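Secondary and tertiary structure notes
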Amino acid sequence: MADEFAKGLGILTTAGLAWMVLAGWYTTASFEEGQLLAAPPSDPGVYASIGLVLKDALFWFAVLGALTFWVVVPMVEQAREAWAERSS
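Okay, so let's go over this structure. (Residues numbered from 1 in each chain as written. Predicted model: local features only at pLDDT ≥ 70, side-chain atom pairs only at ≥ 80, totals over all residues. Heavy atoms only, no water.)

Along its length, helix H2 (residues 46-87) shows its largest kink, about 40°, at Thr68. When H2 is considered as a whole, its buried residues turn out to be Ala48, Gly51, Leu52, Lys55, Leu58, Ala62, Gly65, Ala66 and Pro74. Of the surrounding secondary structure, the elements contacted by the buried residues of H2 are helix H1 (2-26). (Bend = angle between axes of the 7 residues up to and from the residue. Helix = DSSP H or I, 4+ residues; strand = E, 2+ residues; numbered from the N terminus. Buried < 20%, exposed > 50% of the residue type's maximum accessible area, 1.4 Å probe, protein only. Contact = heavy atoms within 4.5 Å.)

With that out of the way, let us pick up the packing of H1 against H2. Here H1 crosses H2 at 160°, and the two axes come no closer than 8 Å. In this view, H1 runs roughly antiparallel relative to H2, as classed from their interaxial angle. The hand of the H1/H2 crossing is left-handed. The residue inventory of the contact of H1 with H2, partitioned by class, reads 22 nonpolar, four polar and four charged. (Axes fitted to C-alpha atoms, helices over the stretch in contact; angles between N-to-C directions. Parallel < 35°, antiparallel > 145°, perpendicular 65-115°, else oblique. Left-handed = near helix turned anticlockwise from the far one by under 90°. Nonpolar A, V, L, I, M, F, W, Y, C, P; charged D, E, K, R; others polar.)

Right, let's get into the nonpolar core. Formed by Ala15, Trp19, Leu22, Ala23, Leu58 and Ala62, the largest nonpolar core amounts to six residues. If one sorts the elements of this core by residue count, H1 sits on top with four residues. Residues within four places of Ala23 in sequence aside, it is in contact with Thr28, Leu36 and Lys55. (Core = buried A, V, L, I, M, F, W, Y, C linked by side-chain atoms within 4.5 Å.)

On to a negative patch on the surface. Where like charges cluster on the molecular surface, the negative patch consists of Asp3, Glu77, Glu81 and Glu85. With respect to the helices and strands, Glu81 occurs in helix H2. (Patch = residues over 30% accessible without salt bridge, like charges linked within 9 Å, V, L, I, M, F, W, Y side chains within 5 Å. Areas by Shrake-Rupley, 256 points an atom, 1.4 Å probe, with all protein chains shown as cover. Salt bridge = Lys/Arg side-chain N within 4 Å of Asp/Glu carboxyl O. Lys, Arg positive; Asp, Glu negative; His and termini not counted. Charge placed at Lys NZ, Arg CZ, Asp CG, Glu CD.)

Printed below as a string of structure tokens:
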């Protein structure tokens, strides 16, 4: 169980840090206004478009990756154990 927690935490921190870096680059209008959550640029270039797509992908990877290792994997393991005990 500890290894699933560590994997989920690693995914959450790594993808979360990358998301914060990209959000700081592309969606921070100024330091006086809302940071990391401002509107994206209206006319991004090619690299900015790739960065914005990657930012959204990293956000969902962080959320779903952590939930997968913290909720889904332990739930499947418990279901397998219960099924093995029931079959025996």
